[in-house]
Amino acid sequence: MTSPDAAGPAFFGRLKEHLHRAPSKTFDAPGLVLKEAAVLAPLFWRGGEPWALLTRRPMNLRKHPGQISFPGGGREAGDVTPLHTALRETREELGIAPQSVDVLGLLGAMPTITSYWVTPFVGVVPEDVKLSPNPIEIDEVIAAPLWRLRRERRHLYQADRDVFVWDDARHVVWGATWRMLGQLVEHVEAVSPVARRP
């Protein structure tokens, strides 16, 4: 009998092809002066299904306290490309070495309300990758099952917002990360068996 985890490489191969063949739409931001940033959506295969690693920021941070996001941040002088930014930030935040990431492609770049122009990359990491979260930047590392995400509306920060939740809905993803996750889910659904699509 084939192991449930044996399907992972083939799934991620299809996902890589779809990311290149049907790229996500880049959001427009005419006339805005924005700082460059990049994030990585680290994916892995466990128990016969694809997962994504997300992080929750500590509540004592001045910017985005308690928010859930992909690892990433602003571009620094030594970053040759946005991909270098995403991989550097992922190593600084989670301890994942760049050589442990198989980059599949990217999602659509987008502006944020904090005046950043963010380029999101998608990559695969080993299921048993060793994580060393930076306690200054990361309060919790969250594994989100991509086939079990649900779209809902929640009242957050004085407004009704579109969010993603899963299972017991303990974690809520909204804002720019919701848009990125939405693009990723579209690609995942396109290459998933019909019975696995939400």
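Scroll up for the structure.
Not measured: the values here are computed from a predicted model. (Residues numbered from 1 in each chain as written. Predicted model: local features only at pLDDT ≥ 70, side-chain atom pairs only at ≥ 80, totals over all residues. Heavy atoms only, no water.)

Remarks on the overall build of the protein chain
Within the protein chain, the regular secondary structure consists of three helices and ten strands. When the helices and strands of the protein chain are listed from N to C terminus, the series reads α-β-β-β-β-α-β-β-β-β-β-β-α. For the protein chain, the C-alpha atoms occupy an extent of roughly 55 × 40 × 35 Å along the three principal directions. Here the contacts in the protein chain between residues at least 6 apart in sequence split such that 64% fall between residues at least 24 apart. Carbon and sulfur atoms provide 54% of the accessible area of the protein chain, an area that totals close to 10,400 Å². Of note, the protein chain has its 24 positive side-chain charges centred 3 Å away from the centre of its 23 negative side-chain charges. (Helix = DSSP H or I, 4+ residues; strand = E, 2+ residues; numbered from the N terminus. Contact = heavy atoms within 4.5 Å. Areas by Shrake-Rupley, 256 points an atom, 1.4 Å probe, with all protein chains shown as cover. Lys, Arg positive; Asp, Glu negative; His and termini not counted. Charge placed at Lys NZ, Arg CZ, Asp CG, Glu CD.)

Here we look at helix α2 (residues 82–94)
Each turn of an α-helix holds 3.6 residues, which means side chains three or four residues apart point in the same direction. Helix length check: α2 (13 residues) gives 18 Å between terminal C-alpha atoms against 18 Å at 1.5 Å per residue, within 8%. Buried residues of α2: T85, A86, L87, R88, E89, T90, E93 and L94, and no others. Looking at the packing, one finds that the buried side of α2 touches β1 (35–46), β2 (49–56), β4 (72–74), β7 (116–124) and β8 (140–145). G95 lies just past α2 and shows a positive phi near 80°. (Expected span 1.5 Å × (residues − 1). Buried < 20%, exposed > 50% of the residue type's maximum accessible area, 1.4 Å probe, protein only.)

Overview of unusual backbone geometry
With a phi angle near 70°, S115 is a residue other than glycine that sits in the positive phi range. Residue S115 is classed as partly exposed on the basis of its relative accessible area of 33%. Of note in the backbone geometry, D167 takes a positive phi value of approximately 50° without being a glycine. Along the polypeptide, D167 turns up in the loop between β10 (159–166) and α3 (175–190). Its relative accessible area of 43% is what places D167 among the partly exposed residues.

Details of the pattern of salt bridges
Taken as a whole and judged by the stated rule, the model has 15 salt bridges. Ionic pairing is found between E89 and R88, a salt bridge with its closest N-O pair at 3.2 Å. The burial state of E89 is the same as that of R88; both residues are buried. One continuous salt-bridge network, built from bridges that share partners, spans E76, D79, R88, E89 and E92. (Salt bridge = Lys/Arg side-chain N within 4 Å of Asp/Glu carboxyl O.)

What about the side chain of S192?
Of note, S192 is situated in the segment after α3. Here the side chain of S192 touches W147 through a polar contact of 2.8 Å, side chain to side chain. (Polar contact = N/O pair within 3.5 Å; in protein donor to acceptor, adjacent residues only side chain to side chain.)

Digging into the environment of V118
Inspection of the secondary structure assignment puts V118 in strand β7. Accessibility expressed as a relative area gives 6% for V118, which makes it buried. The spatial distance from the C-alpha of V118 to the C-alpha of E49 is 27 Å, given a sequence separation of 69 residues. If near-sequence neighbours (up to four positions away) are discounted, V118 is found in contact with A37, A38, V39, A109, M110, T112 and M180.

So, the packing of aromatic side chains
Overall, the coordinates contain seven aromatic pairs when judged by the stated rule. Taking 5.4 Å as the distance between ring centres and 70° as the angle between the ring planes, the aromatic pair formed by F11 and F12 counts as edge-to-face. Residues F11 and F12 agree in their burial class; the two are buried. For the pair F11 and W45, a centre-to-centre distance of 5.3 Å together with 45° between the ring planes defines the contact as tilted. In this pair, F11 is assigned in helix α1 (residues 8–21) and W45 in strand β1, connecting sequence segments 34 residues apart. For the pair shown, F11 and W45 are each scored as buried. Cluster of aromatic residues (ring-pair linked, three or more members): F11, F12, W45 and W147. Here the guanidinium or amino end of K35 rests over the ring plane of Y116, the centre of that ring lying 4.5 Å away. Over the ring of F27 we find R179; its NZ or CZ atom is 5.3 Å from the centre of that ring. (Phe/Tyr/Trp six-rings, centres within 6.5 Å; stacked < 30°, edge-to-face > 60°. Lys NZ or Arg CZ within 6 Å of the ring centre and 35° of its normal.)

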